[in-house]
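Structure assessment
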Amino acid sequence: MISFELSERQKQMKELAHWFAEHEIRPIAMEAERLKQVPGDWLDKVNKMGIHLNPSSFAGGREKSGGTKKENEANRMGVIAMEELAWGDAAVTLSLPGPGLGGPPIQTSGTEEQKERFLSIFTADEPRWGAYALTEPEAGSDASAIRTTARKTEGGYILNGQKIFITNGARASWVVVFATVDPGLGRMGQRAFVVEKGTKGFSAPKIVEKMGLRANETAELLFEDCFVPEENLLGGEALYERKAAKTAGFQVAMKTFDSTRPIVAAMAVGIARAAFEYTLDLVKREFPKQGKFYRLAAELLAEAEQDIAAARLLTWEAAWKADLGMENAKEAAMCKAFAGKMALAVCAKCLELLGPAGLQDHPVEKWYRDVKVFDIFEGTNEIQHLVIARRQYAPYRIRV
Amino acid sequence: MISFQPTEEQRAFAEMAKQVAVERIRPQAKAFEKAGQIPGSFIAELEELGFLAMELPAAWNGLELPLATQALIWKGLAYGDLAVAQSLPGAGDAASVLRFLPDLEKLRGVKEQFAAGKGKTIAFIDGGSGPEYPGSPLRLEKRGKGYLLDGRSAPARLAAFSDFLMVSAADASGEELLLFLEKGDSWEAEGGSGRLGLSTAGIASVVFREAEIGEGQILAKGREARELLEKARTRIRILEAAKETGLMEAALDYATAYTAGRKAFGQEIAKFQGVSFRIADMAIELKAAELLVLESAMKAEEDPARGQSLANRALSRAHRALRYITDSAVQLLGGHGYVQEYPAEKWMRDAQAQVMLYGRERELLLERGEHLIAGGKGVAVS
């Protein structure tokens, strides 16, 4: 049955995430931006509280209740929680300890041994991170064009190449790295590895400075004759030997997008909502109750709110499909394309209402800078359009 | 729990509506427009399937379907042709008012006609939006125990061939009244040429020449009328937005098929990103509008107090998406989009007529914005 009401668990998740965002994340957000990092003692504290960034485990998957299987709602729980956390602050949220975007590929494609080995390290003793490294200087959304090589050798592979724009890449205990055994094979040659911190030949020579999300680490990674043992090949050799799974490495990357794009869209919704609510509150307190500024505010805020609501529904639908195991690449691309673009537009509308006063003393300009990248990472807006168009034309066998 | 899964019944209704749209409505829509009317036999066919009575209360021989179910069905029907969907006689938009007045004694005679399957057509003249409207607003003057109604209404759907009128109007003191008039009550329909679009929908102004309104014709007044009309307008706006999504889907599907087959510079034009990206934008806009409509349909019945503002939001978005998608379809068909051999130009005209008929997009936004600033619930609360 169609429903837009949150379940009890979803409500609890929303309330908990919102409480954390309001009372723990918001108070440190501006200082973290100034420091260009999230304070270590704060990370220690939240890690001890058991707060981790793990998009694939929000609901813990299906649960049994009274002998019957409950509907999987992990993806819906994930987008609900991430909207609230990003409402607090996106840069701090992305810096939370946990497997981050590296979690979903291990969860969906790793062997049981790999899941245990890599996902069980996130314990209360100290904050740890996972990371996901696909993008290269010459290959981003075109995952089939990656040039980092993986040469088979006795007992493992030797990796050579460079990855860029990797969230938490330098501090991560392990990174899911995509490489090719033969660039000439395209998708067929791709493999996904888990490279552990301290591995000889693996380094993070550069942390980049950005327009926004300044508190969050974005690293460049280098692999120089970096030996990775066979047991760190995601899914193991068996996954790639099966005839039907020749493009398994590429599929790992694509399937990851199907679950992470709604997460990214939800974060964009959260940032847009933060800007909208802040500006609405200011308009209520400080704007005249009639006249041209009142009408301007009413119209711009209504447009912003409508866009945010639409983006949230698109995101929920993509997550719902993922929970039910339905094909959701088109919906995931739709919510990401819509949310990324609308969130920047909402922040711009809020800045328009603030006028010159918005240049200082208000957080909206920070959210405006932060949110731009949500129309870029996990596939640019243009890539999302390509994904949508391909699905739209699929019945006509036209490859766009 | 958040879910986008329609019930089996909803799915079956929606599929049937779409089948009728594709097999019966679409092939004849152009001919109907040319003739300026829809044959009685065709109307009878749709009436037989229940499409004329979805919103009417059971006491009026209606199906009294929930909003979300109707939204899915209207979307399916309008996929065939919006103008045909808008031309179906019966209680029309007035059904949403009747939904809240199923047993009103003053309407017993009309109800009995509907209950006996002899339903005629009721046009809803919503003159309650006040004197800010351009054109001559309706004037309602107190006269003894009744009123005198004078003036020319804004064009309304079904007015050209209606047997009854349901009229909302405000008197000089601003008090709203809901009236019910029969044929012969000093009113006549004017216009109805429908040059722009929806030309079979009987769109016409109604001229009242000092029509005497007696106590028996006043269905509600004051606060009761205002609350009743607010609830009815909420339902009307949601249902109209739902119809718009059907036309959007038709235009998107048609443009997708056309651009997949049409070649230029040696390849299908779908392979040019200027084309395929616009198709993607159309798909996104359709989906966004569709979800806002469904959400408003569900919430308006769960929480009517919140429904009005959500209906404004959904209809405003649907208007914008409808204009964008139908214009895009014409654009993507190029010269073929502009000529009447193809349906896209009709759909664009129908779309523009529809958005003009059912609330200005900016006005709906403004109402929603005022609601938010006044402390109404926004996106923060799911």
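Residues numbered from 1 in each chain as written. Chains lettered and ligands numbered in written order. Predicted model: local features only at pLDDT ≥ 70, side-chain atom pairs only at ≥ 80, totals over all residues.

Points about the interface of chain A and chain B
Between chain A and chain B, the contact holds 43 residues from the first and 43 residues from the second. Taken together, the residues of the side of chain A that touches chain B break down into 26 nonpolar, 6 polar and 11 charged. (Contact = placed C-beta atoms within 7 Å. Nonpolar A, V, L, I, M, F, W, Y, C, P; charged D, E, K, R; others polar.)

Points about helix α11 (residues 364-371) of chain A
The buried count for α11 of chain A comes to 6 of 8 residues, which makes it a mostly enclosed element. Residues Val364, Lys366, Trp367, Tyr368, Asp370 and Val371 of chain A constitute the buried set of α11 of chain A. (Buried ≥ 20, exposed ≤ 12 C-beta atoms within 10 Å, placed from the backbone. Helix = DSSP H or I, 4+ residues; strand = E, 2+ residues; numbered from the N terminus.)

A closer look at the sheet that holds strand β8 (residues 218-221) of chain B
All names here are of chain B. In spatial order, the strands read β1-β4-β5-β8; together these 4 strands make up an open sheet with mixed pairing. In this open sheet, the two strands that pair with only one neighbour each are β1 (122-126) and β8. Strand after strand, the sheet turns through a mean of 15° between neighbouring axes, direction not considered. Pairing of strand β5 (residues 176-182) with β8, which is carried by 3 bridges, proceeds in the antiparallel orientation. In the sheet register, Leu177 faces β8, and the bridge partner there is Lys221. On the sheet, helix α7 (residues 222-261) packs against β4 (164-170), β5 and β8 and is oriented at approximately 75° with respect to β5. (Pairing = 2+ DSSP bridges. Axes fitted to C-alpha atoms, helices over the stretch in contact; angles between N-to-C directions.)

Focus: the domain arrangement of chain A
Interfaces are often sized by the accessible area lost when the parts come together. All names here are of chain A. Partitioning chain A into domains gives domain 1 (8-119), domain 2 (130-249) and domain 3 (250-396). With centres defined by C-alpha atoms, the gap from domain 1 to domain 2 works out at 24 Å. Each partner contributes to the interface: domain 1 provides 23 residues, whereas domain 2 provides 18 residues. Only α1 (8-35), α4 (90-94), α5 (103-109) and α6 (112-119) provide two or more residues apiece to the side of domain 1 that touches domain 2. Counted by class, the side of domain 1 that touches domain 2 contains 11 nonpolar, 10 polar and 2 charged residues. (Domains from an automatic or database assignment.)

A short note on the environment of Phe208 of chain B
All names here are of chain B. Of note, Phe208 is situated in strand β7 (residues 205-213). For Phe208, a count of 26 C-beta atoms within 10 Å corresponds to the buried category. Distance from Phe208 to Ile38, taken between C-alpha atoms, is 27 Å for residues 170 residues apart in sequence. When neighbours within four sequence positions are excluded, Phe208 is seen to be in contact with Leu138, Leu149, Asp150, Gly151, Ser186 and Trp187.

Focus: unusual backbone geometry
Here the phi dihedral of Asn168 of chain A falls at roughly 60°; this positive angle occurs in a residue that is not glycine. You can see Asn168 of chain A is positioned in the loop between β5 (156-167) and β6 (174-180). Look at Asn61 of chain B: it is not a glycine, yet its phi comes out positive at around 70°. Looking at the element boundaries, Asn61 of chain B is found in the loop between α2 (40-48) and α3 (67-80). You can call Asn61 of chain B partly exposed: it has 17 C-beta atoms within 10 Å.

Considerations on the nonpolar core
Residue and element names in this part refer to chain A. Phe193, Ala343 and Cys347 are the most contacted members of the largest nonpolar core, which has 255 residues in total. The biggest single contributor to this core is helix α8 (residues 248-286), with 18 residues. Those residues in contact with Cys347 that sit more than four places away from it in its chain are Ala272, Ala275, Val364, Trp367, Tyr368 and Val371. (Core = buried A, V, L, I, M, F, W, Y, C linked by C-beta atoms within 7 Å.)

Thoughts on the domain arrangement of chain B
Here the domain parsing of chain B yields domain 1 (8-98), domain 2 (121-220) and domain 3 (224-373). Broken down by secondary-structure element, the contributors of at least two residues to the side of domain 1 of chain B that touches domain 3 of chain B are α1 (8-35), α3, α4 (82-86) and α5 (94-98) of chain B.

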